[in-house]
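Observations on the three-dimensional arrangement
Below are the chains, spelled out letter by letter.
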Amino acid sequence: MSPELKKLGPRWVVFGILGLVVTVSLLFKRSTEFPGTPVVKGVYDAVEELPEGSPILISSDFDPGSEAELVPMMKAILAHCWRRHLRVIVMSLQSPNAMPLAQGIVEEAARDNGAKEDEDYALMNYKPGNLAAVLAIGQDWASQFPESYKHRKLADIPAMKGITRLGDFKYVLCITATTSVDSWLLGGVTKYGIKLGLGCTAVMATDYYPLLDTKQITGLLGGLAGAAQYESLVKLPGKATDGMPTQSLIHVTIILFIVAGNILHFAGKRRKPEAA
Amino acid sequence: MLHLKRTVPLAIAFLSGILLLIQYFVPHPWSAKFLQYTSDWQVTLAYAALLLGVGSLVQSHVTKARRKAPGWGFSAVALAAFGITVAMGMWWSVHTAWQSRTDASIVTTGSGEGSPLSWVYNSLLFPMGGAMFSILGFFIASAAFRAFRVKSPEATLLLLSAIVVMLGQVPLGAHLPGIPQLSAWLLSVPTTAAKRAIGFGVALGSIATALRVIFGIERAYLGGE
């Protein structure tokens, strides 16, 4: 490593600059609209095309660690679903920590959009087993979810009317920070022929691009940028849109770090032979 | 004894593997019923596996704390947090069970609104989870600064691709000519091609491993030598 890099490269300098950029950009709030790309529009169009009153299943497979990226995404999707008068059922394949978070998101979004519990939406629970759980609800929903998250019988939940198995859902959306989407693909898409949409963290997004070409998913929302694009499509700018200027600045800062790192590296290399 | 340890598990693995393999290609109601039963069993086993996981976690931390191994303090904190959380859930279950005797609308539960577990979740787990994830951005920046070098044509290509994709993922990139198109192309053509190749490799490997387990060639899951 060059002496310049040694001098300027301590982590705290990088952390300090990045921290400063984040803080300053958050202080000067300026929303930047991010027009929806075809990849994101695939999810939007699938929701838009559903007939009024159709049931849609959201698998909320993330815990508080991924809240910053996935909560704005889920809120925008929920708002879109209720605007289209769809019935939203929420469950989780991820961990017991996912459902309390999902409950908070859904209830807050329901208040904002005037949606009623058990009529416009219903919360189910966390189910372990990944693929096995998807296969089981594919055969019989009630065998895995005999009651809701709040212990109400399925028969008492109007939102669950006509739903006996996974195939009764017109669209399934997996919002995930794990590999749970693989279970939905293998069990849901391949075995039961469901239509699947995906929302995931930005670092995961590239892994799932091949599924777009094969039409195994209708669309893909990757990280905060995907959420901002969805907010733009539903014309409901929220936290994701607010976060875009900060994300732009951070990306530019990281690019500048890479350029600076290379300049210092090669400057150090050139000096070494001279010194010798 | 050897039968119970080796032959019986091998027979169960063989039968389960073969039956589920055949089931996938048979569209008969019996086949669907069989899948229903086995899926239910698997979910039940997954619950049991959760318990095993908790047991194993506690055991490893207890051993570490007892032996005062390096970092044993963290194990002690983990055990204390685990114990307190379980105690809170149990206490709230007893509390709600007691209340439900006089008020039928109250459901016996360890969590839910107003419960200590809900407080732990919202006041501790939520901010700590968010903080952990937010640190990632700082480490990525630091790693990019120290490791992303133009050392070879391949490394240069990788670096340029990364810059284009990073710009393509933010609204700023939408204002730069050609960046959104180039970023989309990088993600949907070279990345997809590479991911698909890896996917095929993993799938073929998984099939080979599954066949080895079904036919008893792979026996590592039985433990021992």
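Residues numbered from 1 in each chain as written. Chains lettered and ligands numbered in written order. Predicted model: local features only at pLDDT ≥ 70, side-chain atom pairs only at ≥ 80, totals over all residues. Heavy atoms only, no water.

This brings us to the overall build of chain B. Counting its regular elements, chain B contains eight helices and zero strands. Traced from its N-terminal end to its C-terminal end, chain B shows the element sequence α-α-α-α-α-α-α-α. For a compact globule of 225 residues, the expected C-alpha radius of gyration is about 17 Å, and chain B comes in at 27 Å, more than 25% above that figure. Counting all 225 residues of chain B, 20% fall into the buried class. Sequence separation of at least 24 residues holds for 29% of the intrachain contacts in chain B that already meet a minimum separation of 6. Of the accessible surface of chain B, which amounts to about 15300 Å², a share of 75% is contributed by carbon and sulfur atoms. (Helix = DSSP H or I, 4+ residues; strand = E, 2+ residues; numbered from the N terminus. Rg over C-alpha atoms; globule rule 2.2 N^0.38 Å. Buried < 20%, exposed > 50% of the residue type's maximum accessible area, 1.4 Å probe, protein only. Contact = heavy atoms within 4.5 Å. Areas by Shrake-Rupley, 256 points an atom, 1.4 Å probe, with all protein chains shown as cover.)

This part takes up the confidence of the model for chain B. Looking at chain B as a whole, the pLDDT averages 88, with 99% of positions reaching at least 70. Both confidence scores are given for the complex: pTM 0.86, ipTM 0.81. (pLDDT = per-residue confidence, 0-100.)

In this section: the pattern of salt bridges. Scanning the model with the defined rule gives eight salt bridges over all chains in all. Between A:R152 and A:D118 there is a salt bridge, with its nearest N and O atoms 3.0 Å apart. Separated by 34 residues along the polypeptide, A:R152 in the loop between α7 (141–144) and β4 (171–176) and A:D118 in the loop between α5 (98–113) and β3 (121–126) bring together distant segments of the chain. Since its relative accessible area comes to 31%, A:R152 is described here as partly exposed. Between A:D207 and B:K195 there is a salt bridge; the shortest N-O distance is 2.9 Å. In this pair, A:D207 is assigned in the loop between α9 (202–205) and α10 (210–213) and B:K195 in helix α8 (residues 190–214), connecting two distinct chains. Each member of the salt-bridge network shares a partner with another, and the members are A:E107, A:E117, A:D118, A:K150 and A:R152. (Salt bridge = Lys/Arg side-chain N within 4 Å of Asp/Glu carboxyl O.)

Residues and elements named next belong to chain A. A sheet is described by the order of its strands in space; here six strands give the open sequence β3-β2-β1-β4-β5-β6, paired in parallel fashion. Two strands lie at the open edges of the sheet, namely β3 and β6 (220–222), each paired on one side alone. Sheet twist, expressed as the mean angle between neighbouring strand axes with direction ignored, is 15°. Across four bridges, the pairing between strand β2 (residues 87–92) and β3 is parallel. Directly across from V88, in β3, lies its bridge partner Y121. Here helix α4 (residues 67–83) sits on the sheet in contact with β1 (55–61), β2, β3, β4, β5 (196–200) and β6, set at roughly 160° to β4. (Pairing = 2+ DSSP bridges. Axes fitted to C-alpha atoms, helices over the stretch in contact; angles between N-to-C directions.)

Residues and elements named next belong to chain A. Among the nonpolar cores identified, the biggest contains 48 residues, and M74 and Y230 are the most heavily contacted of them. When residues in this core are grouped by element, the largest group, nine residues, is from α4. Residues M124, L154, I157 and L212 belong to the second largest nonpolar core, which totals 39 residues. (Core = buried A, V, L, I, M, F, W, Y, C linked by side-chain atoms within 4.5 Å.)

Residue and element names in this part refer to chain B. Together, F14, L15, L19, L204, I207, L211, F215 and I217 make up an exposed nonpolar region whose accessible area comes to about 780 Å². Looking at the nonpolar patch, the elements that each hand over two or more residues are α1 (2–25) and α8. Along the chain, F14 turns up in helix α1. For F14, a relative accessible area of 34% translates into the label partly exposed. (Patch = residues over 30% accessible without salt bridge, like charges linked within 9 Å, V, L, I, M, F, W, Y side chains within 5 Å.)

We now examine helix α2 (residues 11–27) of chain A. Residue and element names in this part refer to chain A. With 17 residues, α2 extends 24 Å from end C-alpha to end C-alpha; this agrees with the ideal 24 Å at 1.5 Å per step. Of the positions making up α2, those classed as buried are V14, L18, G19, V21 and S25. For α2, the angular spread of buried residues about the axis comes to 160°, placing them on one side. Exposed residues pointing more than 90 degrees away from the buried face of α2 are listed as W12, L20 and L27. (Expected span 1.5 Å × (residues − 1). Arc of directions from axis to C-beta.)

This paragraph deals with the interface of chain A and chain B. Across the contact, 58 residues belong to chain A and 48 residues belong to chain B. In this assembly, chain A packs against chain B so that about 4900 Å² is buried in total across both faces, 70% of it on carbon and sulfur atoms. Applying the counting criterion to the chain A and chain B interface returns one salt bridge. Here chain A is connected to chain B by 11 residue pairs in polar contact (both at pLDDT 80 or more). With 15 residues, helix α12 (residues 239–275) of chain A is the single largest residue contributor to the side of chain A that touches chain B. (Buried area = accessible area lost by both parts, 1.4 Å probe. Polar contact = N/O pair within 3.5 Å; in protein donor to acceptor, adjacent residues only side chain to side chain.)

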